[in-house]
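Fold and geometry: a report
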Amino acid sequence: MARRSGSADLPLHGGRVPQWLGQRMAKLGAVICEAIVHHYGRDEFLRCLSHPYWFQSFGSVMGMDWHSSGITTSVIGALKRGLAPLQDELGIHVCGGRGRHSHRTPDELAVLGERIGFDAASLTRASRLVAKVDSAAVQDGFDLYLHGFFVTDDGKWTVVQQGMNGEKRQARRYHWHSEGLADFVDEPHSAIDGRNQGNIVNLTDHRAAASRSAQLDLLVALGPDGITNEFAAITAEPTAQPLLPHLVMPSHHEVRASDVFTRRLHGTLAAAAARGPVDFPDLLLTPGVGARTVQSLAMVAEVMHGAPYRFQDPARFSLAHGGKDRHPYPVPIKVYDETIRVLKSAVQNAKLGRDEEMQTLKRLDAQARRLERTATGPSLETFVARERAASSSYDGRSVFGWEKDLNEADEAR
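Criteria and thresholds
- Residues numbered from 1 in each chain as written.
- Predicted model: local features only at pLDDT ≥ 70, side-chain atom pairs only at ≥ 80, totals over all residues.
- Heavy atoms only, no water.
- Helix = DSSP H or I, 4+ residues; strand = E, 2+ residues; numbered from the N terminus.
- Buried < 20%, exposed > 50% of the residue type's maximum accessible area, 1.4 Å probe, protein only.
- Polar contact = N/O pair within 3.5 Å; in protein donor to acceptor, adjacent residues only side chain to side chain.
- Phe/Tyr/Trp six-rings, centres within 6.5 Å; stacked < 30°, edge-to-face > 60°.
- Pairing = 2+ DSSP bridges.
- Salt bridge = Lys/Arg side-chain N within 4 Å of Asp/Glu carboxyl O.

Here histidine 175 is to be found in strand 6 (residues 170-177). Using a relative accessible area of 0% as the deciding quantity, one classes histidine 175 as buried. At 2.9 Å, the side chain of histidine 175 and the backbone oxygen of leucine 49 are in polar contact. Within polar-contact distance, the side chain of histidine 175 engages the side chain of arginine 173 at 2.8 Å.

Rendered as structure tokens:
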């Protein structure tokens, strides 16, 4: 039986993803998906999407705001665009999205059903039920505004949907996975992300089975008016919910040392320094980019190969490609594009039976895990300061503009 695996606080952020970043996110997201499917199969990619920590880290490594609710919208949008040309090859399809796009999910599933042959009616029912459960059966103060439905050719699926509480400026993300799902109203979630907002009415808890049955009996016996009168006459103590592990996404925008497992960062840096000259000699001939790109590749490789416990500090993955709002530093465009190029080359060669580059990335990740036990390195503050200082040489860019132009403007003042 699929059940909750944790929760997380997600500050509610507005704004839009700039086109220059959105296009790159679509490319990077798609090629990471291809790599995971190549190594582990498309079922594993669905499992990754259904894990809240991995999902947040995935968005962070793509240059989105590492802690915000915007990761959900941008990741789903990037995958919908990036996987569209590959959907027939990979057998993975992305339906729905934010706002009006979420309401198109049934139509999109119907079109896919006609073309692929899976049971679109059953999948549409699943889509509607998970939305109803998270909006009605789980009354936690968050109104749904986003629904992403990921489905494979054989009818397996993951749903990622999100609600907002505008008053508290918080968002809650819900993850569903069809694997092992036996009942839509008895603990069906693979995870719920969100801050504890007090007592929650959760009729999907398995302990609420008697309550669900009793409510139906009351409705038949008393009718709506009778139930209202009975409710006014009684009070009841709420039943305590068991504590679940949860990922706390803080409200501060900057990346702090407390947000990152520094020893894992040191392992990544040491592995990049040790394996880069051996495994990426041609890449390192690129002036000013190569060695830095290997660091990003090591973090991307961890997203592709890492176990769930390794994604408890999503902020660390923002150190691969920065963030659009200049936190922890501007997006290094040269590094980002080089990362995409290397990954695309690895995936394309793997399709042709030449798996050396894909295995190189896997070795890079394995080396980072080994070295993190003993490696030392700069503090997070030193690392971030160094990246900011080098940002112009990497074509650093944010929603505020090109870093080089911003620096020149500052000097002119």
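On to the packing of aromatic side chains, then. Taken as a whole and judged by the stated rule, the model has four aromatic pairs. Here the aromatic rings of tryptophan 54 and phenylalanine 58 are separated by 4.6 Å at their centres, their planes lie at 25 degrees, and the arrangement is stacked. A residue pair is termed a helical-turn pair when its members lie 3 or 4 positions apart in one helix, as tryptophan 54 and phenylalanine 58 do in helix 3 (residues 52-61) at four residues. Across the pair, exposure class does not vary: tryptophan 54 and phenylalanine 58 are buried alike. Taken together, a centroid distance of 5.5 Å and an interplanar angle of 35 degrees make the contact between phenylalanine 311 and phenylalanine 317 tilted.

Our next topic: the sheet that holds strand 10 (residues 331-332). Ordered in space as 10-11-12, the three strands form an open sheet in which the pairing is antiparallel. Because the sheet does not close on itself, it has two edges, and the strands there are strand 10 and strand 12 (401-402). Sheet topology places strand 11 (residues 396-398) next to strand 12; two bridges connect them, and they run antiparallel. Across the sheet, serine 398 pairs through a bridge with glycine 401, a residue of strand 12.

With that settled, consider the pattern of salt bridges. Counted under the stated rule, the structure contains 22 salt bridges. Residue arginine 42 pairs with aspartate 154 through a salt bridge whose shortest N-O separation is 3.9 Å. Residue arginine 42 is located in helix 2 (residues 42-49), and its partner aspartate 154 is located in the loop between strand 4 (143-152) and strand 5 (157-165); the two are separated by 112 residues in the primary sequence. Of the charged contacts, one joins lysine 156 and aspartate 43 as a salt bridge, the two residues approaching to 2.8 Å between their closest N and O atoms. One end of the pair, lysine 156, is in the loop between strand 4 and strand 5; the other, aspartate 43, is in helix 2, with 113 residues separating them in the sequence. Classification of lysine 156 as partly exposed rests on a relative accessible area of 34%. Each of Arg263, Glu302, Arg310, Asp313, Arg316 and Glu372 takes part in a single network of salt bridges with overlapping partners.

Among the nine residues that make up strand 5, eight are buried, leaving the element largely enclosed by the rest of the structure. Relative to strand 5, strand 4 runs antiparallel, the two sharing eight bridges. Each bridged residue has a counterpart across the sheet, and for glycine 148 the counterpart in strand 5 is valine 160. The pairing of strand 5 with strand 6 spans eight bridges and is classified as antiparallel. Counterpart to glycine 163 in the pairing with strand 6 is arginine 172. Between strand 5 and strand 6, which pair antiparallel and follow one another directly, the connecting turn spans four residues, one of which, arginine 169, has a positive phi of 55 degrees.

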